[in-house]
Amino acid sequence: MATSPKPMTPQFDEQLVNLFEEQYLPLADTIYRFGFALTLSLDGAHTCVRQAFQKVSGKLKELSKSLDANPKSVLIEACWQAYKDTKGGGASPIGQSAITSALKPLPIEGRAAVAAIDGAGLSPSEAARVLSWSEVELRQHLASARRTLLRDAVQL
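As a starting point, this report considers the structure included with it. (Residues numbered from 1 in each chain as written. Predicted model: local features only at pLDDT ≥ 70, side-chain atom pairs only at ≥ 80, totals over all residues. Heavy atoms only, no water.)

Description of the state of the cysteines
Taken as a whole and judged by the stated rule, the model has zero disulfides. Left without a disulfide partner, C48 is nearest to the cysteine sulfur of C79, which lies 5.1 Å away. Residue classification places C79 among the buried residues on the basis of a relative accessible area of 0%. (Disulfide = S-S within 2.5 Å. Buried < 20%, exposed > 50% of the residue type's maximum accessible area, 1.4 Å probe, protein only.)

Details of the side chain of S73
Tracing the sequence through the fold places S73 in helix α5 (residues 71–85). Side-chain polar atoms of S73 contact the side chain of E126, separated by 2.5 Å. (Helix = DSSP H or I, 4+ residues; strand = E, 2+ residues; numbered from the N terminus. Polar contact = N/O pair within 3.5 Å; in protein donor to acceptor, adjacent residues only side chain to side chain.)

A closer look at the packing of aromatic side chains
Inspection of the entire model under this criterion finds four aromatic pairs. Residues F20 and Y24 carry aromatic rings whose centres are separated by 6.4 Å and whose planes lie at 20 degrees to one another, so their mutual orientation is stacked. Of this pair, F20 and Y24 are both found in helix α1 (residues 14–24), four residues apart, which corresponds to roughly one turn of the helix. Y24 matches F20 in its accessibility class, with the two residues each being buried. Pairing W80 with W133 gives two aromatic rings, centres 5.9 Å apart and planes at 80 degrees, and the pair type is edge-to-face. Of the two residues, W80 sits in helix α5 while W133 sits in the loop between α8 (124–131) and α9 (135–152), which places them 53 residues apart along the sequence. When its relative accessible area of 15% is taken as the criterion, W133 is described as buried. (Phe/Tyr/Trp six-rings, centres within 6.5 Å; stacked < 30°, edge-to-face > 60°.)

Focus: the nonpolar core
Of all hydrophobic cores here, the largest spans 43 residues; its most connected members are Y24, I31, F34, W80, L131 and L138. Mapped by element, the contributors of at least two residues to this core are α1, α2 (28–39), α3 (42–58), α4 (60–65), α5, α7 (108–119), α8 and α9. Each residue touching Y24, except ones within four places of it in the same chain, is listed here: L19, F53, V56, L60, L63, P71, V74 and L75. (Core = buried A, V, L, I, M, F, W, Y, C linked by side-chain atoms within 4.5 Å. Contact = heavy atoms within 4.5 Å.)

So, in structure tokens, the structure goes:
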């Protein structure tokens, strides 16, 4: 009498699961806010964040061996790449909130710089590395975005 094979259950490395749960998942809100600043859309942010976490979860073994891997930087970089890969988070409708109205006049580079530094709290050098810009470019985008936000703040 033949027995049917037991279904294979995926085997997970407990240390990698713990790393993901303890170091990366707590940053979901920060990464979502970064994604929203990029896309100005709840659905677009969801798409970028989902792709970012999927990409990072696939690289956990490599990331666990890297002593200088900052989880926040890794996720923001993955979210930025997801945004670029989806050409702006897809065709999601832009929201109507006050934050959307404030960020909408900014070019994407300005929104990314402000969200990475002022929103996520990265240092300028870390943000420049994550966004693949020179530090001078980052500071130019950031200064321009902050000027626009200050100029338009009266309307908020």
